[in-house]
Amino acid sequence: MIDQEVFALDFDAYLARVAALTDDVLIPAEQAMVEAGAVPDHVLDALARNGLFAVSIPRRLGGLEWTMTQQARLTMEFTRASCVYRSRFSTVIGLCSQAILDHGTDEQREGLLPKMAAGEHVTAFALTEPGAGSDAASLTTTAGRVDGGWVIDGRKRYITNAHWADELVVFARTGEAADGAASVSAFLVPRNTEGVTTRLPSRMNGHAEAPVAEIELTGVRVDDSALLGGRTGTGFKAALRGINHARLHVAATCVGQATRMLEETSRHLSDREQFGAPLADLGAVQADLGRCFADLEAARALTMEAARAFDSGAVPRHRIAAAKLFASEMAGRVADCCVQLLGGEGIVGDHPVPRMWRDVRALRIYEGSSPVHERNLGRAVVRQVGMDGTLPDTYRVTRGPVVDA
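Here the structure is a predicted model, which is why all the values come from computation and not from measurement.

**Q** Explain the packing of aromatic side chains residue by residue, including any values.
**A** Taken as a whole and judged by the stated rule, the model has six aromatic pairs. Each residue in the set Phe11, Tyr14 and Trp66 is aromatic and connected to the rest through ring pairs, giving one cluster. Taking NZ or CZ as reference, Arg59 lies 5.4 Å from the ring centre of Trp66, over its face.

Written out as structure tokens, the structure reads:
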């Protein structure tokens, strides 16, 4: 449940509250989280009470309804702490809530979103399969029509929050479209439905305290009210709405993570002496830090510009993809450089940077891997320039009349 005073805060006051939460609760709890192998209950409670599950959900449905620009700033703030915390509410504020908000029925929105905003109803976005990751059109999970409902069969993989979710947003084939392509629909499936089984992996390389899960769906029966929006064939549209939102949040997460790693590393370099002076005084070290900072600020600017474009109207999907691609690659470069600058502390002991180094590696895979974004952006460039001579999602000055020489 969200503390009621949160609803009265303007954005700047709320951002300051989240900054205090990050410094006073989230960062201090990181080591306890690592030792327990899970996010502590008091942290989950603090996330809910401070409204982190509600940032993208409309006020009329119990949320805080911050703009995408504001959400990006918030994400950059709370992801100075471990990005494992963010994963516990990321599917609620991004993938699932946005699909339900834009494509659900009134009953689905009003029945689910207030509980999700309060942190009382966790949702997971069940799209990826063993044979359908970046190629989502290849998914094989099916939903067959029966009297008064549907029967779902299939398998999902790498699903964030699936093992403790209250509700799964399951994407399944429901036939073929007129052009012969798969007709994909989304279904709202309570995790405790008979035939639903979730399994955690034996090992995670990063994000170990909030592992993804596999889902088995065997003869899962749901009624007609489970079909998102009450219509078949809208699954891909619903998925893309959530995915574009989530990609921007991942880009902002990369900025927050790189900020923390660079700060932690700089403190270490100022405190540690070699050759009679702090390591931070060495020119080669300063060059590394300067390059990392420039990279970080470029990612911050690109992410914020994509967020502002998002708020202006149409979703700038190519700019969002570019921001996610650049920011996630940036976080990897900064992490690698920081581990190198830490020396032995980068590979031995409990320093937060090597743990974050492992965690940010996954961000180059989440919400579309880097090679897929590079390919898709390249295709978009060729296609758009071929159509009208401009790059995708770019600002262009409208030409005036021809001026005589």
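Picking up after the structure, the text goes on.
**Q** Could you give me a rundown of the pattern of salt bridges, with the residues and numbers involved?
**A** Inspection of every chain in the model, using the stated rule, returns 24 salt bridges. Asp295 is the salt-bridge partner of Arg333, the closest N and O atoms lying 2.8 Å from each other. Separated by 38 residues along the polypeptide, Arg333 in helix 9 (residues 317–342) and Asp295 in helix 8 (residues 283–311) bring together distant segments of the chain. Residue Arg333 is classed as partly exposed on the basis of its relative accessible area of 39%. Using a relative accessible area of 18% as the deciding quantity, one classes Asp295 as buried. Look at the salt bridges and you will find they share partners, linking Asp3, Glu5, Arg17, Asp45 and Arg49 into a network.

**Q** An account of helix 6 (residues 106–117) is needed here, citing residue identities and associated values.
**A** Compared with an ideal rise of 1.5 Å per residue, which puts twelve residues at 16 Å, helix 6 spans 16 Å between its outermost C-alpha atoms and is within 8% of the ideal. Within the span of helix 6, buried status applies to Gln108, Arg109, Leu112, Leu113, Met116 and Ala117. Around the axis of helix 6, the buried residues are gathered within 125° of arc, so they sit on the same side. With respect to the buried face of helix 6, the exposed residues turned more than 90 degrees away are Glu107 and Glu110.

**Q** With reference to specific residues and values, describe the layout of surface pockets.
**A** The gaps of empty space that remain are located by a probe, the size of a water molecule, rolled over the atoms. By volume, the second largest pocket amounts to about 270 Å³. Around the second largest pocket sit 20 residues that line it, and Val34, Gly349, Pro354, Arg355 and Arg358 are the ones nearest its centre. Sorting the residues of the lining of the second largest pocket by element identifies helix 2 (30–36) and helix 10 (352–361) as the ones contributing at least two each. Within the lining of the second largest pocket, the residues separate by chemical class into seven nonpolar, seven polar and six charged.

**Q** An account of the state of the cysteines is requested, with residue identities and associated values reported.
**A** Counting across every chain of the model gives zero disulfides. Of all cysteine sulfurs in the structure, the one in Cys254 sits closest to Cys83, which takes part in no disulfide; the separation is 8.4 Å. Considering cysteine sulfurs only, Cys83 is the nearest to Cys96, which forms no disulfide, with 18 Å between them. In this structure Cys96 comes out as buried when scored by relative accessible area, which is 0%.

**Q** How would you summarise a positive patch on the surface if you had to cite specific residues and measurements?
**A** Together, Arg317, Arg375, Arg379 and Arg383 give the surface a local cluster of positive charge. Ranked by residue count, the leading element in the positive patch is helix 11 (residues 370–388), at three residues.

**Q** Any chance you could break down the environment of Arg73 for me, citing the residues and the numbers?
**A** Turning to its location among the elements, Arg73 is positioned in helix 4 (residues 68–78). For the pair Arg73 and Lys115, spaced 42 residues apart in sequence, the C-alpha to C-alpha distance is 24 Å. Once you skip the residues sitting within four places of it in the chain, Arg73 turns out to touch Phe11, Asp12, Leu15 and Met304.

**Q** Describe the environment of Asp393, naming the residues involved and giving the relevant values.
**A** With respect to the secondary-structure elements, Asp393 resides in the segment after helix 11. Separated by 156 residues in sequence, Asp393 and Lys237 have C-alpha atoms that sit 19 Å apart. When neighbours within four sequence positions are excluded, Asp393 is seen to be in contact with Pro316, Arg317, His318 and Arg319. Here Arg317 takes part through its backbone nitrogen, which lies 3.4 Å from a polar atom of the side chain of Asp393.

**Q** Give a detailed account of the pairing of strand 3 (residues 149–159), specifying residues and quantitative values.
**A** Across five bridges, strand 2 (residues 142–146) lies against strand 3 in antiparallel orientation. Note that in strand 3 the partner of Thr142 across the bridge is Asp153. Here strand 2 hands over to strand 3 after two residues, with Gly148 in that stretch at a positive phi of 75°. Inspection of the sheet shows strand 3 paired to strand 7 (residues 213–223) by eight bridges, in the antiparallel sense. Paired with Val151 across the strands is Arg221, a residue of strand 7.

**Q** Would you mind going over the packing of helix 7 (residues 235–271) against helix 9 in detail, with residue names and values included?
**A** Taken N-terminus to C-terminus, the directions of helix 7 and helix 9 make an angle of 20°; their axes are 8 Å apart at the nearest point. With respect to each other, helix 7 and helix 9 are oriented roughly parallel. Two packed elements cross with a definite hand, and for helix 7 against helix 9 that hand is left-handed. Considering only residue class, the contact of helix 7 with helix 9 consists of 19 nonpolar, four polar and three charged.

**Q** For the pairing of strand 6 (residues 196–199), give the residues involved together with the corresponding values.
**A** Side-chain alternation along strand 6 places Val196 and Thr198 on a buried face and Thr197 and Arg199 on a face that remains uncovered. Here four bridges tie strand 6 to strand 7, and the two strands are oriented antiparallel to one another. Directly across from Arg199, in strand 7, lies its bridge partner Glu214.

Procedures and definitions
Residues numbered from 1 in each chain as written. Predicted model: local features only at pLDDT ≥ 70, side-chain atom pairs only at ≥ 80, totals over all residues. Heavy atoms only, no water. Phe/Tyr/Trp six-rings, centres within 6.5 Å; stacked < 30°, edge-to-face > 60°. Lys NZ or Arg CZ within 6 Å of the ring centre and 35° of its normal. Salt bridge = Lys/Arg side-chain N within 4 Å of Asp/Glu carboxyl O. Helix = DSSP H or I, 4+ residues; strand = E, 2+ residues; numbered from the N terminus. Buried < 20%, exposed > 50% of the residue type's maximum accessible area, 1.4 Å probe, protein only. Expected span 1.5 Å × (residues − 1). Arc of directions from axis to C-beta. 1 Å grid on protein atoms, 1.4 Å probe; cavity = no way out; pocket = protein on both sides within 12 Å on 5 of 7 lines; lining within 4 Å. Points joined across faces, edges and corners; volume = space filled by probe spheres on them. Nonpolar A, V, L, I, M, F, W, Y, C, P; charged D, E, K, R; others polar. Disulfide = S-S within 2.5 Å. Patch = residues over 30% accessible without salt bridge, like charges linked within 9 Å, V, L, I, M, F, W, Y side chains within 5 Å. Areas by Shrake-Rupley, 256 points an atom, 1.4 Å probe, with all protein chains shown as cover. Lys, Arg positive; Asp, Glu negative; His and termini not counted. Charge placed at Lys NZ, Arg CZ, Asp CG, Glu CD. Contact = heavy atoms within 4.5 Å. Polar contact = N/O pair within 3.5 Å; in protein donor to acceptor, adjacent residues only side chain to side chain. Pairing = 2+ DSSP bridges. Axes fitted to C-alpha atoms, helices over the stretch in contact; angles between N-to-C directions. Parallel < 35°, antiparallel > 145°, perpendicular 65-115°, else oblique. Left-handed = near helix turned anticlockwise from the far one by under 90°.

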